[in-house]
Amino acid sequence: MDHPVDLGRGTGGQARALAARGWTVTAVDYAAPAVAAARRLDPGASVTWRTADVTDPASVDPGGRLGGTVTLVLDNGCLHGIPSRRRPGWAAAVETLAAPGADLLVRAAAPRRLGVGPAGIDATDLAALLGARWSPRPAPGPGWYHYRRRA
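Residues numbered from 1 in each chain as written. Predicted model: local features only at pLDDT ≥ 70, side-chain atom pairs only at ≥ 80, totals over all residues. Heavy atoms only, no water.

Whenever I open this one, the packing of helix H4 (residues 87–97) against helix H5 (residues 123–130) confuses me. Can you help?
The contact between H4 and H5 brings their axes to 9 Å, and the two run at 60 degrees. If you check the angle between H4 and H5, you find them oblique. Relative to H5, the crossing made by H4 is right-handed. Contact residues: H4 offers Arg87, Pro88, Trp90 and Ala91, while H5 offers Leu126, Leu129 and Leu130. (Axes fitted to C-alpha atoms, helices over the stretch in contact; angles between N-to-C directions. Helix = DSSP H or I, 4+ residues; strand = E, 2+ residues; numbered from the N terminus. Parallel < 35°, antiparallel > 145°, perpendicular 65-115°, else oblique. Left-handed = near helix turned anticlockwise from the far one by under 90°. Contact = heavy atoms within 4.5 Å.)

Below, the structure is given as structure tokens:
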């Protein structure tokens, strides 16, 4: 069965959409109010909602039940806001969760040097963060990155 994990999910629109298509979804966000709002928007509990730090693999998957089984990791605007010093934790969580052949979809803003908002990330930095076990794939659209975990 397909099991996606949606990282940095906020109120969970994509997580609910995947669940509506029959996927068994786990959605993670560090903001407890966002997770509470997501649960209210999902009265049928079609998604497993988790308050956790996406840079801490043990927090994302307590007990290790999902380790190596996730077929899709979705990050729609989370990674690009994580400080660079904490991004290796995000990569460790992705690596821990992903099954061989899993897809990773990341939507991220380009890097910013000044101003307010997410710091951003570019393709070179993302590839370095993921390492050799991930291969780039065609992206679904502007601002998106697609990788597949090698078997």
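Whenever I open this one, the pattern of salt bridges confuses me. Can you help?
Proximity of charged atoms lets side chains of opposite charge pair with each other. Applying the stated criterion to the full structure yields five salt bridges. Aspartate 53 serves as the salt-bridge partner of arginine 86, at 2.6 Å between the closest nitrogen and oxygen. Here arginine 86 is found in the loop between strand E4 (70–76) and H4, whereas its partner aspartate 53 is found in the loop between strand E3 (47–51) and helix H3 (57–60), with 33 residues between them in sequence. Note on arginine 86: relative accessible area 33%, which makes it partly exposed. Salt bridges sharing partners connect three or more residues here, namely Glu95, Arg133 and Arg149. (Salt bridge = Lys/Arg side-chain N within 4 Å of Asp/Glu carboxyl O. Buried < 20%, exposed > 50% of the residue type's maximum accessible area, 1.4 Å probe, protein only.)

Just to check I follow, could you spell out helix H1 (residues 13–20) for this structure?
Owing to its 3.6 residues per turn, the α-helix aligns residues three or four sequence positions apart on the same side. Every buried residue belonging to H1 is among Ala15, Leu18 and Ala19, and all of these are buried. Take H1 and look down its axis: the buried residues cluster within an arc of 100 degrees, on one side only. Looking at the buried side of H1, the elements it contacts are strand E1 (4–7), strand E2 (25–29), E3 and E4. A positive phi of about 95 degrees marks glycine 22, the residue just after H1. (Arc of directions from axis to C-beta.)

For this particular structure, what's the right way to read the sheet that holds E3?
Backbone-to-backbone hydrogen bonds join strands into a sheet, with any given pair of strands oriented parallel or antiparallel. Spatially, E3-E2-E1-E4-E5-E7-E6 is the arrangement adopted by the seven strands of the open sheet, whose pairing is mixed. On the outer flanks of this sheet lie E3 and strand E6 (134–137), each paired with one strand and no other. On average, each strand axis in the sheet is inclined to that of its neighbour by 20 degrees, with strand direction left out of account. Both E1 and E4 contribute to a ladder of four bridges, which runs parallel. Residue pairing across strands places leucine 7 opposite aspartate 75, the latter belonging to E4. Helix H2 (residues 32–40) contacts E2 and E3 of the sheet and is inclined by roughly 165 degrees relative to E3. (Pairing = 2+ DSSP bridges.)

Help me understand the pairing of strand E7 (residues 144–149), please; the structure alone is not making it clear to me.
Remark: a regular strand shows side chains that alternate across the two faces of the sheet. Strand direction decides the pairing type here: strand E5 (residues 98–107) and E7, joined by five bridges, are antiparallel. Residue valine 106 lies in a different strand from E7, and its bridge partner there is tyrosine 145. Pairing of E6 with E7, which is carried by four bridges, proceeds in the antiparallel orientation. Counterpart to arginine 137 in the pairing with E7 is histidine 146. Taking the residues between adjacent antiparallel strands as the criterion, E6 and E7 are bridged by six residues, where glycine 143 takes a positive phi near 85 degrees.

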